[in-house]
Amino acid sequence: VHSHEKGLLKRAIEEGWFAGLKEQELEDAMAAKMRATISLQELALLQEVIQECSQAGLSERELTKATIAREKLEKLLADLKKAISEMEIESLQAIIRKCQLAGFPDRAL
């Protein structure tokens, strides 16, 4: 999912286009990358892929889904940080449950 080099997705999409792939196939590839990144629940990576897919021409519909996912992730992380700083066990347990239900990887908790 992670592109180690900036612009790698855009170049891959351009190569696919020049190779004759249909626009829908290219869109589907970008959307699949976005969905895979969303499922990882890693904020920095998600932001990077949103920017990369936006620059590569991903549809506004798919970008909106990703932006909503990013905002939810930001909220969960903020709530988790707050619960940690307040050291309220009940609040901390509740937010950890929310994070687990949202699909956070255990290493993030």
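Here the structure is a predicted model, which means the values were calculated and not measured.

Definitions and limits used
- Residues numbered from 1 in each chain as written.
- Predicted model: local features only at pLDDT ≥ 70, side-chain atom pairs only at ≥ 80, totals over all residues.
- Heavy atoms only, no water.
- Helix = DSSP H or I, 4+ residues; strand = E, 2+ residues; numbered from the N terminus.
- Expected span 1.5 Å × (residues − 1).
- Buried < 20%, exposed > 50% of the residue type's maximum accessible area, 1.4 Å probe, protein only.
- Arc of directions from axis to C-beta.
- Core = buried A, V, L, I, M, F, W, Y, C linked by side-chain atoms within 4.5 Å.
- Contact = heavy atoms within 4.5 Å.
- Axes fitted to C-alpha atoms, helices over the stretch in contact; angles between N-to-C directions.
- Parallel < 35°, antiparallel > 145°, perpendicular 65-115°, else oblique.
- Left-handed = near helix turned anticlockwise from the far one by under 90°.
- Lys, Arg positive; Asp, Glu negative; His and termini not counted.
- Salt bridge = Lys/Arg side-chain N within 4 Å of Asp/Glu carboxyl O.

Asker: Please explain helix α5 (residues 89-101) as it appears in this structure.
Answerer: Turn by turn, an α-helix covers 3.6 residues, leaving residues three or four places apart pointing in a common direction. The end-to-end C-alpha distance of α5 is 18 Å, a good match for the 18 Å that 13 residues give at a rise of 1.5 Å each. Within α5, the full set of buried residues consists of L92, I95 and C99. Projected down its long axis, α5 shows its buried positions confined to an angular sector of 70°, all on one face. Turned more than 90 degrees away from the buried face of α5 sit E90 and L101, all of them exposed. Residue G103 follows α5 closely and has a positive phi angle near 95°.

Asker: Would you mind showing me how to read the nonpolar core here?
Answerer: Most often, soluble globular proteins keep nonpolar side chains buried together rather than apart. Among the nonpolar cores identified, the biggest contains 22 residues, and M34, C53, L58 and I95 are the most heavily contacted of them. Once residues within four sequence positions are removed from consideration, I95 is found in contact with L76, D79, L80 and A83.

Asker: Explain the packing of helix α3 (residues 43-56) against helix α4 (residues 60-86) here, please?
Answerer: How two helices sit against one another is set out by the angle between their axes and by the gap between those axes. With their axes 10 Å apart at the nearest point, α3 and α4 run at an angle of 160° to one another. Judged on the interaxial angle alone, α4 and α3 are roughly antiparallel. Two packed elements cross with a definite hand, and for α3 against α4 that hand is left-handed. Contact residues: α3 offers L43, L46, Q47, I50, C53 and S54, while α4 offers L63, A66, T67, A69, R70, L73, E74 and L77.

Asker: Just to check I follow, could you spell out the side chain of E27 for this structure?
Answerer: Within the secondary structure, E27 sits in helix α2 (residues 23-40). Here E27 sits buried without a salt bridge, and the closest side chain of opposite charge, R61, lies 5.1 Å off (N-O distance). Each residue touching E27, except ones within four places of it in the same chain, is listed here: G57, L58, S59 and E62.

Asker: Explain unusual backbone geometry here, please?
Answerer: Negative phi characterises most residues that are not glycine, and trans characterises most peptide bonds. The backbone of Q41 shows a phi angle near 55°, a positive value even though the residue is not glycine. Relative to the helices and strands, Q41 is located in the loop between α2 and α3. The buried category is assigned to Q41, whose relative accessible area is 16%.

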